[in-house]
Amino acid sequence: MQLDTGRGAAIATDAARSGPGWLARRMPSLLELAFVLAAIAVLLPQFDRVAAIGAGRDHRFADDGLRVEGLPEPTLPAVCAAYGAAAEERVRAPLCGSISIDAGSRAIAGLPDSLSRAAVHAARAFVAPLREAEARVAALQARRRDGADGVRDSADAAAAIEAEVQPYVERYQLTDGDDSGPRPLACAMRWAEAALAAGPRADRGAETARADAVLLFAAALDGRAATESVA
């Protein structure tokens, strides 16, 4: 009589896996998993108490990184619709794309009011975090003079704010005490105003150049990536 050795080996393996020896080998892992689950169950309610702290006393856990907020709404769609017909195709196509453009181009007597307002709005948005940081430093200094805070604590807090301010100033090329906003924005606005200062002209070439300038400034103000390559 022949024995099916393969089948016998499989039966022996299954028995070894399901027997007491297999459970003994797995017991440390099972116990470790049970302890981890128990620890999670015990600690989980404590996180609600941590979350209730919020920003912490004196907002020491608050995310005080300087961020630009309140930028103006995009200006390019309206500018394309109003002045795109007079612009060059190589400027209009990549900037305006599928925006519906009025068939009759408008005369450009200067930088459109909507662009001027948006530029001022953008400059204020970039400067606002800087002014807020300066106000925080001034408040710390006032508390230190009044004796409300320790000298060392107040100095450390002021130094931390200044450490946040410097990268922000360098990134956006801001000038201390100047509310004109980022230097590139101020330069672009001066360039556009100079290009349009002469007033509308009768020749088509000059009007096309002026329309190009208006579209390019609007695209730069909106942060369109294609602006540099088109310019």
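These lines cover the structure that appears in this document, whether it is placed above or below.

1. Comments concerning the overall build of the protein chain
Here is step 1 of the chain: Along its length, the protein chain carries 9 helices and 0 strands.
Here is step 2 of the chain: Beginning at the N terminus, the succession of helices and strands in the protein chain can be written as α-α-α-α-α-α-α-α-α.
Here is step 3 of the chain: For the protein chain, the proportion of its 231 residues judged to be buried stands at 28%.
Here is step 4 of the chain: Looking at the protein chain alone, contacts between residues at least 24 apart form 67% of all its contacts between residues at least 6 apart.
Here is step 5 of the chain: Split by element, the accessible area of the protein chain, about 15,400 Å² in all, is 57% carbon and sulfur.

2. Observations concerning the layout of surface pockets
Here is step 1 of the chain: Put simply, the second largest pocket is a space of about 410 Å³.
Here is step 2 of the chain: Taken together, 18 residues line the second largest pocket, and the ones lying closest to its centre are F126, P182, L185, A220 and L221.
Here is step 3 of the chain: Those elements that provide at least two residues to the lining of the second largest pocket are α5 (113–145), α6 (151–172), α7 (183–196) and α8 (204–222).
Here is step 4 of the chain: Broken down by element, the residue count for the lining of the second largest pocket peaks at 4 residues, all from α8.

3. Comments concerning the state of the cysteines
Note: disulfide means a covalent bond formed between the sulfur atoms of two cysteine side chains.
Here is step 1 of the chain: Across all of its chains, the model carries 1 disulfide by this definition.
Here is step 2 of the chain: The partner cysteine of C80 in its disulfide is C96, sulfur to sulfur 2.1 Å. Its S-S torsion of approximately -85 degrees makes the covalent link between C80 and C96 left-handed. A residue pair is termed long-range when its members are at least 10 positions apart, and C80 in helix α3 (residues 76–83) and C96 in helix α4 (residues 89–96) qualify at 16 residues.
Here is step 3 of the chain: Accessibility expressed as a relative area gives 0% for C80, which makes it buried.
Here is step 4 of the chain: Overall, C96 belongs to the buried group, its relative accessible area being 3%.

4. Overview of the nonpolar core
Here is step 1 of the chain: Formed by 30 residues in total, the largest nonpolar core has its most connected members in L95, L115, L215, F217 and L221.
Here is step 2 of the chain: Among the elements of the structure, α3, α4, α5, α7 and α8 are those that each provide at least two residues to this core.
Here is step 3 of the chain: The dominant element in this core, judged by the number of residues it contributes, is α8, at 8 residues.
Here is step 4 of the chain: Filtering out sequence-adjacent residues up to four positions away, L95 remains in contact with L76, C80, L215, L216, A219, R224, A226, T227 and V230.
Here is step 5 of the chain: Among the nonpolar cores identified, the runner-up in size contains 12 residues, and L130, L140, A158 and V169 belong to it.

5. Some remarks on the pattern of salt bridges
Here is step 1 of the chain: As enumerated under the stated definition, the model contains 6 salt bridges in all.
Here is step 2 of the chain: A salt bridge links R90 to E88; the nearest nitrogen and oxygen atoms lie 3.1 Å apart.
Here is step 3 of the chain: For R90, a relative accessible area of 64% corresponds to the exposed category.
Here is step 4 of the chain: Between R136 and E164 there is a salt bridge whose closest N-O contact spans 3.9 Å.

6. Examining the environment of A123
Here is step 1 of the chain: Following the sequence through the fold, A123 ends up in helix α5.
Here is step 2 of the chain: On the accessibility criterion, A123 (7% relative accessible area) is buried.
Here is step 3 of the chain: For A123 and L71, which are 52 residues apart along the polypeptide, the C-alpha to C-alpha distance reads 8.7 Å.

7. With respect to α5
Here is step 1 of the chain: The end-to-end C-alpha distance of α5, which contains 33 residues, comes to 46 Å, matching closely the 48 Å that a straight helix rising 1.5 Å per residue would cover.
Here is step 2 of the chain: At V127, α5 shows its maximal bend, which comes to roughly 35 degrees, and the proline P129 appears one to four places after that position.

Definitions and cut-offs
Residues numbered from 1 in each chain as written. Predicted model: local features only at pLDDT ≥ 70, side-chain atom pairs only at ≥ 80, totals over all residues. Heavy atoms only, no water. Helix = DSSP H or I, 4+ residues; strand = E, 2+ residues; numbered from the N terminus. Buried < 20%, exposed > 50% of the residue type's maximum accessible area, 1.4 Å probe, protein only. Contact = heavy atoms within 4.5 Å. Areas by Shrake-Rupley, 256 points an atom, 1.4 Å probe, with all protein chains shown as cover. 1 Å grid on protein atoms, 1.4 Å probe; cavity = no way out; pocket = protein on both sides within 12 Å on 5 of 7 lines; lining within 4 Å. Points joined across faces, edges and corners; volume = space filled by probe spheres on them. Disulfide = S-S within 2.5 Å. Core = buried A, V, L, I, M, F, W, Y, C linked by side-chain atoms within 4.5 Å. Salt bridge = Lys/Arg side-chain N within 4 Å of Asp/Glu carboxyl O. Expected span 1.5 Å × (residues − 1). Bend = angle between axes of the 7 residues up to and from the residue.

Geometric values such as these leave the question of function open.
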